[in-house]
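Below are the chains, spelled out letter by letter.
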Amino acid sequence: MTVRAAEPSDVASLRELWSDILRKGGLDEQLADIGRVVSTARERDDQCVAVAEIDGEVVGAVYLEATTFTPLNLEPAVLAVSPHVFQQFRRKGVGSALMEAACRFADQHGITHIQTAAAAEARDANRFMARLSFAPQAMLRAATTSAVRARLPQSRQVTQAATSKQRIDRVLAARRIRRERVPG
């Protein structure tokens with residue numbers, strides 16, 4: 001098994017590997033997205049798509065980025081996004097090789113921490129990360145904007161229409177007050 005930087009010829013395999021986490025859309029869109037990610041990572045020193053291959057076949061990959069813990073906590077960290085291994089190659093050391101690549105990437109950038117994430121329902125992946133000493137730091141949640149807005153208390157929601165209506169109400173109230181004060 002070898003681990004190397006992804007090349008444009010790996011895009012189709014990476015799309016298949018990461019199909020469950022890519023944006024929903026057509027095959028062409030997903031291939032274009034992965035192509036853009038691979039291209040950008042090849043051009044930048046702070047990003048890398050590491051690919052594990054056996055006998056010339058892509059069997060796993062991980063996206064690596066030198067960043068910070070969060071936008072507010074500026075301590076450097078390597079973000080190891082979506083370390084995935086094809087089902088038939090699991091439990092053969094591929095995941096460990098990918099995480100070793102993350103450690104090498106961190107060492108190259110003088111960074112002492114690595115972060116990763118696995119889907120909440122990915123039991124095996126979460127156990128693997130726990131065995132490698134990754135501890136839970138946060139729960140990342142996602143929802144559509146419309147779903148969040150629908151659940152917010154109505155009194156807290158500020159929409160453009162409501163804001164405009166409030167302005168009109170204020171103007172009309174001011175006009176009424178002026179009319180009431182004008183001696184007749």
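Okay, so let's go over this structure.

Overview of the layout of surface pockets
Taken as a whole, the second largest pocket encloses approximately 200 Å³ of empty space. As for the second largest pocket, its lining consists of Trp18, Ile21, Leu22, Asp33, Ile34, Val37, Tyr63, Val81 and Ser82. Of the residues assigned to the lining of the second largest pocket, the class counts are seven nonpolar, one polar and one charged.

A short note on the sheet that holds strand E1 (residues 2-5)
Across the sheet, which stays open at both edges, the five strands sit in the order E1-E2-E3-E4-E5 with mixed pairing between neighbours. Here the strands that pair on one side only, and so sit at the sheet edges, are E1 and strand E5 (114-116). Averaged over all pairs of adjacent strands, the angle between strand axes in this sheet comes to 30°, irrespective of strand direction. Against the sheet, helix H2 (residues 27-43) touches strand E2 (47-54) and strand E3 (57-68), its axis set at about 110° to E2.

Considerations on H2
Between its first and last C-alpha atoms H2 spans 24 Å; for 17 residues at 1.5 Å apiece the expected length is 24 Å, and the two agree. Within the span of H2, buried status applies to Gln30, Asp33, Ile34, Val38 and Ala41. Around the axis of H2, the buried residues are gathered within 130° of arc, so they sit on the same side. Turned more than 90 degrees away from the buried face of H2 sit Asp28, Arg36 and Glu43, all of them exposed.

Focus: the pattern of salt bridges
Counting across every chain of the model gives six salt bridges. Across the pair arginine 4 and aspartate 10 runs a salt bridge, and its minimum N-O distance is 2.7 Å. Residue classification places aspartate 10 among the buried residues on the basis of a relative accessible area of 5%. Arginine 4 serves as the salt-bridge partner of glutamate 53, at 3.1 Å between the closest nitrogen and oxygen. Pair noted here: glutamate 53 is in strand E2 and arginine 4 is in strand E1, with a separation of 49 residues, a long-range link. One connected set of salt bridges, linked through shared partners, spans Arg4, Asp10 and Glu53.

Some thoughts on the nonpolar core
One finds Leu14, Trp18, Ile34, Val49, Val51, Leu64 and Val94 to be the most contacted residues of the largest nonpolar core, which totals 36 residues. Of all the secondary-structure elements, those providing two or more residues to this core are helix H1 (11-17), H2, E2, E3, strand E4 (76-85), helix H3 (94-108) and helix H4 (123-131). Not counting chain neighbours up to four residues away, the residues in contact with valine 51 comprise Thr2, Val3, Arg4, Ala6, Asp10, Leu14, Val58, Gly60, Ala61 and Leu98.

Some words on the side chain of glutamate 53
A relative accessible area of 17% means that glutamate 53 is categorised as buried. One polar contact links glutamate 53 to arginine 4, side chain to side chain, over a distance of 3.1 Å. In contact with glutamate 53, not counting residues within four places along its chain, are Met1, Thr2, Arg4, Val58 and Val59.

Things to note about the environment of threonine 112
Checked against the element boundaries, threonine 112 lands in the loop between H3 and E5. For the pair threonine 112 and valine 78, spaced 34 residues apart in sequence, the C-alpha separation works out to 8.3 Å. At 3.2 Å, the side chain of threonine 112 forms a polar contact with the side chain of histidine 113.

Rules used in this analysis
Residues numbered from 1 in each chain as written. Predicted model: local features only at pLDDT ≥ 70, side-chain atom pairs only at ≥ 80, totals over all residues. Heavy atoms only, no water. 1 Å grid on protein atoms, 1.4 Å probe; cavity = no way out; pocket = protein on both sides within 12 Å on 5 of 7 lines; lining within 4 Å. Points joined across faces, edges and corners; volume = space filled by probe spheres on them. Nonpolar A, V, L, I, M, F, W, Y, C, P; charged D, E, K, R; others polar. Pairing = 2+ DSSP bridges. Helix = DSSP H or I, 4+ residues; strand = E, 2+ residues; numbered from the N terminus. Axes fitted to C-alpha atoms, helices over the stretch in contact; angles between N-to-C directions. Contact = heavy atoms within 4.5 Å. Expected span 1.5 Å × (residues − 1). Buried < 20%, exposed > 50% of the residue type's maximum accessible area, 1.4 Å probe, protein only. Arc of directions from axis to C-beta. Salt bridge = Lys/Arg side-chain N within 4 Å of Asp/Glu carboxyl O. Core = buried A, V, L, I, M, F, W, Y, C linked by side-chain atoms within 4.5 Å. Polar contact = N/O pair within 3.5 Å; in protein donor to acceptor, adjacent residues only side chain to side chain.

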